[in-house]
Amino acid sequence: MPVQIQFRRDTAANWTSTNPTLAIGEIGLETDTTKWKLGNGSTAWNSLAYAYAAGATGPTGPQGATGPTGAVGATGSVGATGATGAGGVEAINAQTGTTYTFVLSDKDDLVTANNASAQTYTIPLNSSVAFPVGTLINIIQIGAGQVTVQAAGGVAFASTGATSTAPKTRTQYSVITLIKAGTDTWYATGDIA
């Protein structure tokens, strides 16, 4: 029997109004903003931070002083850029067609699937689109049409879905996260039929 993972979900207003405490590791999704939070078992919703905010850019280094008698001194070196925060949803790619092949700009983004008909999304070979290992691609079915994720020939792909190499969203607002674990190895997790 396949395992089904389903996130708690509600509108942002309802989450704020009810202010529940999510269990450790439990994910809560705002269906109208597509933002999500990860529970720790003790902090109420309104006090939890949204998951995966990008880190701030580091400060710029000091500039050199002006030399004597009006001559301009050497420019100081620029300070190092600060580290980027943990990955996560950085942008939203709204798709309305019935077929789509993921592109490099989908890395760490959310792809919204909004069509009344069934849709098929394809993971390309690394030789076509070189996603870095560790890439996450999030898909949410916001239309009525169920989304099937498939892999191009040569890509190893697995999930807990009934058809493990071609998982489908279970229902409207279901989310699937694709994880690149190797050069041409991907896994899918989430609310899968």
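Everything discussed here concerns the structure shown above.
Let me begin by describing the structure that accompanies this report. (Residues numbered from 1 in each chain as written. Predicted model: local features only at pLDDT ≥ 70, side-chain atom pairs only at ≥ 80, totals over all residues. Heavy atoms only, no water.)

**A closer look at the overall build of the chain**
Reasoning step 1: In terms of regular secondary structure, the chain is built from one helix and 12 strands.
Reasoning step 2: Each helix and strand of the chain, placed in order from N terminus to C terminus, yields the pattern β-α-β-β-β-β-β-β-β-β-β-β-β.
Reasoning step 3: By the burial criterion, 35% of the 193 residues in the chain qualify as buried.
Reasoning step 4: In the chain, 51% of the contacts between residues at least 6 apart in sequence involve partners at least 24 apart. (Helix = DSSP H or I, 4+ residues; strand = E, 2+ residues; numbered from the N terminus. Buried < 20%, exposed > 50% of the residue type's maximum accessible area, 1.4 Å probe, protein only. Contact = heavy atoms within 4.5 Å.)

**Looking at the nonpolar core**
Note that soluble globular proteins tend to have their nonpolar side chains buried in a common cluster.
Reasoning step 1: Formed by 19 residues in total, the largest nonpolar core has its most connected members in F102, Y121, I123, L178 and W186.
Reasoning step 2: Among the elements of the structure, β6 (110-113), β7 (119-123), β8 (136-141), β9 (147-151), β11 (175-182) and β12 (185-190) are those that each provide at least two residues to this core.
Reasoning step 3: Not counting residues within four places of it along the chain, the set of residues in contact with W186 comprises I123, F131, T135, I137, V155, A156, F157, A158, L178, I179 and K180.
Reasoning step 4: Counting residues in each nonpolar core, the second largest holds seven residues, with F7, I27, L29 and L110 among its members. (Core = buried A, V, L, I, M, F, W, Y, C linked by side-chain atoms within 4.5 Å.)

**Here we look at the pattern of salt bridges**
Reasoning step 1: Taken as a whole, this structure holds three salt bridges when the rule is applied.
Reasoning step 2: We note a salt bridge from E26 to R8, for which the minimum N-O separation is 3.5 Å. Of the two residues, E26 is situated in the loop between α1 (12-18) and β2 (27-30) and R8 in strand β1 (residues 8-10); the sequence distance between them amounts to 18 residues.
Reasoning step 3: The shortest N-O distance in the salt bridge between K107 and D108 comes to 2.6 Å.
Reasoning step 4: By relative accessible area, D108 is classed as buried at 7%. (Salt bridge = Lys/Arg side-chain N within 4 Å of Asp/Glu carboxyl O.)

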